[in-house]
Protein chains: 2
Amino acid sequence: MWFEDIPMTVANGNDTLTGNALPLLQEIVTLLERLEETGESGSIDLASLPFSSADRQWLQDALGEGAVKININAGGPTTIVETATPGVWWVVHCNERSAQVGEFIEVTLVPDMIPTHPDDVSSGVRRLEEKLTV
Amino acid sequence: MWFEDIPMTVANGNDTLTGNALPLLQEIVTLLERLEETGESGSIDLASLPFSSADRQWLQDALGEGAVKININAGGPTTIVETATPGVWWVVHCNERSAQVGEFIEVTLVPDMIPTHPDDVSSGVRRLEEKLTV
């Protein structure tokens, strides 16, 4: 159900497989093997190669659909959908008018945009402490 | 806007502040200070103390609303909302009939349910490799 929530540009006609989806899946496996062996994350920019709606559907079918969907409202909205392939996340960035401006496969244990930065924790603590002493 | 998406039980009448919200905020600050100093996470079970809808509203106003909302569909749905206080996440678990069964404040850099387990990465790699060799 989450894949349906990924915002995407409407495809033009003649939308068929380009032949790029299978090598893309192979690249994802390579990144997963690196994640497995070294813990190192990686990502693939789907805008960097010809990639049709049919390719997208094929790849989403191959990866399967996971249990987690993340919405982030920072400037334009970002949607991150976990696939059923652990460690593979589908990331779509939109602008403030909700038009898609970037689409990535992120291969990682935790998507890059999620962790709170420790420095931000410190400034939050100070703010709450001020609130408690007023 | 995310706080509105938190599923919650409808409050009964006479819903006023119980006096528990302020000590709860103090406990959150204590957990945040520990997170800041040691990196150790903590959580508070909101069902473990009398906590009214008015308390919830007061606490949500004090923490503020962050940019991230996470939906997880594993059994019943779980909603995790980032507050504007970095490191503080509001977590609600529901059962399969969408009734709330647990509500927690999680104080952590990454909510507990998000990271992919490294062992799961390995089994996913094997599955994709089989798919590629068929």
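The present account deals with the structure reproduced in this document. The residue numbering used here restarts from 1 in each chain and proceeds along that chain's sequence as written. Starting at A for chains and at 1 for ligands, labels are handed out in the order in which the entities are written. The predicted nature of this model means local features are confined to residues of pLDDT at least 70 and side-chain atom pairs, given and counted, to a pLDDT of 80 or more, with totals for whole chains, interfaces and linings taken over all residues. Excluded from the side-chain calculations are hydrogens and water; all other atoms, namely the structure's heavy atoms, are used.

Quick look at the relation of the copies chain B and chain A
Step number 1: Superposing chain B onto chain A takes a rotation of 180° plus a shift of 0.0 Å along the axis, which leaves an RMSD of 0.0 Å. Classification of the inter-copy transformation places it as that of a two-fold axis. Relative to the rotation axis, the C-alpha of I70 of chain B is the closest in chain B, positioned 2.2 Å from it.
Step number 2: Two residues qualify as a contact provided that any one of their heavy atoms is within 4.5 Å of a heavy atom in the partner residue. Comparing contact sets, 98% of the residues at the interface of chain B also lie at the interface in chain A, consistent with an isologous, same-surface contact. The copies were overlaid with a least-squares fit restricted to C-alpha atoms from residues scoring a pLDDT of at least 70 in each copy.

Examining helix α3 (residues 118-133) of chain A
Step number 1: Secondary structure elements are defined from DSSP: runs of H or I of at least 4 residues count as helices, runs of E of at least 2 residues count as strands, and each element is numbered from the N terminus. One fewer than the residue count of a helix, multiplied by 1.5 Å, yields its expected span. Look at α3 of chain A: 23 Å from first C-alpha to last across 16 residues, which is about the 22 Å you get at 1.5 Å a residue.
Step number 2: Summary of the burial criterion: residues with accessible area below 20% of their type's maximum are buried, those above 50% are exposed, and those between are partly exposed, where the area comes from a 1.4 Å probe applied to protein chains only. When we look at burial in α3 of chain A, the residues that qualify are V121, G124, V125 and L128 of chain A. Taken around the axis of α3 of chain A, the buried residues stretch over an arc of 105°, which confines them to a single face. The outward face of α3 of chain A, more than 90 degrees from its buried face, is lined by the exposed residues D119, E130 and T133 of chain A.
Step number 3: Residues of α3 of chain A that are buried make contact with α1 (21-38) and α2 (53-63) of chain B. When we speak of the arc, we mean the arc of directions from the helix axis to the C-beta atoms.

Considering the packing of helix α1 (residues 21-38) of chain A against helix α3 (residues 118-133) of chain B
Step number 1: Geometry is summarised by axes, namely lines fitted to C-alpha atoms with helices restricted to the contacting stretch, and by angles between N-to-C directions that run from 0 to 180 degrees. For the pair α1 of chain A and α3 of chain B, the least separation of the axes is 10 Å and the interaxial angle reads 150°. As far as their axial angle goes, α3 of chain B and α1 of chain A are roughly antiparallel. Considering only the axes of α1 of chain A and α3 of chain B, their crossing is left-handed. Where α1 of chain A approaches α3 of chain B, its residues L22, L25, Q26, I28, V29, L32, E33, L35 and E36 of chain A are matched on the opposing element by V121, S122, V125, R126, L128, E129 and L132 of chain B.
Step number 2: Taken together, the residues that form the contact of α1 of chain A with α3 of chain B break down as 10 nonpolar, 2 polar and 4 charged. With respect to orientation, any angle under 35 degrees is reported as roughly parallel, any angle over 145 as roughly antiparallel, any angle of 65 to 115 as roughly perpendicular, and every other angle as oblique. By convention, the crossing between two helices is left-handed when the near helix turns anticlockwise from the far helix through less than a right angle, and right-handed when the turn is clockwise. Each residue receives one of three labels: charged for Asp, Glu, Lys and Arg, nonpolar for Ala, Val, Leu, Ile, Met, Phe, Trp, Tyr, Cys and Pro, and polar for the others, Gly being one of them.

Examining the pattern of salt bridges
Residues and elements named next belong to chain B.
Step number 1: Any carboxyl oxygen of Asp or Glu that lies within 4 Å of a side-chain nitrogen of Lys or Arg is treated as forming a salt bridge with it. Here the structure, examined in full by the defined rule, presents 8 salt bridges over all chains.
Step number 2: Among the salt bridges present, the one from R126 reaches E129, with a minimum N-O distance of 3.2 Å. Of this pair, R126 and E129 both sit in helix α3, 3 residues apart, roughly one helical turn.
Step number 3: The exposure class assigned to E129 is partly exposed, which follows from its relative accessible area of 24%.

Description of the sheet that holds strand β2 (residues 65-74) of chain B
Step number 1: DSSP calls a pair of strands paired once it identifies at least 2 bridges connecting them. Taking strand neighbours across the sheet as the criterion, the 10 strands line up as β1(A)-β5(A)-β4(A)-β3(A)-β2(A)-β2(B)-β3(B)-β4(B)-β5(B)-β1(B) in an open arrangement whose pairing is antiparallel. In this open sheet, the two edge strands, each paired with only one partner strand, are β1 (42-45) of chain A together with β1 (42-45) of chain B. The mean inter-strand angle of the sheet, taken between neighbouring strand axes irrespective of direction, is 20°.
Step number 2: On top of the sheet, α1 of chain B reaches β1, β4 (88-94) and β5 (100-107) of chain B; it is set at about 165° to β1 of chain B, its chief contact.
Step number 3: Each of β2, β3 (76-83), β4 and β5 of chain B touches α2 of chain B; the most contacted strand, β4 of chain B, lies at about 145° to it.

What to know about the environment of Q60 of chain A
All names here are of chain A.
Step number 1: Its location among the elements puts Q60 in helix α2 (residues 53-63).
Step number 2: By relative accessible area, which is 6% here, Q60 ends up buried.
Step number 3: C-alpha separation for the pair Q60 and A84, spaced 24 residues apart in sequence, amounts to 9.4 Å.

Description of the nonpolar core
Nonpolar side chains in soluble globular proteins generally cluster together in the buried interior.
Step number 1: Within the largest apolar cluster, 26 residues are counted, with the highest numbers of intra-cluster contacts made by I28, L32, L59, L63, W90 and I105 of chain A.
Step number 2: Of all the secondary structure elements, the ones that give two or more residues to this core are α1, α2, β4 (88-94) and β5 (100-107) of chain A together with α3 of chain B.
Step number 3: Counting residues per element, this core draws most heavily on α1 of chain A, at 7 residues.
Step number 4: Beyond its immediate sequence surroundings of up to four residues, I28 of chain A is in contact with I44, L59, L63, V88, I105 and V107 of chain A together with L128 of chain B. Residues belong to one nonpolar core when they are buried, are Ala, Val, Leu, Ile, Met, Phe, Trp, Tyr or Cys, and are joined through side-chain atoms within 4.5 Å.

Here's the deal with the pairing of β3 of chain B
Residue and element names in this part refer to chain B.
Step number 1: In terms of burial, β3 is largely enclosed, as 7 of its 8 residues are buried.
Step number 2: With 7 bridges joining them, β2 and β3 adopt antiparallel strand pairing. Bridge pairing in β3 places I70 opposite I80.
Step number 3: Linking two consecutive strands that pair antiparallel, namely β2 and β3, is a turn of 1 residue; a positive phi of about 75° is found at G75 within it.
Step number 4: As paired strands, β3 and β4 are joined by 5 bridges and run antiparallel to one another. If you follow I80 over to β4, its bridge partner there is V91.
Step number 5: Joining the antiparallel neighbours β3 and β4 is a turn of 4 residues, in which G87 adopts a positive phi near 100°.

The values are spatial; any link to function lies outside them.
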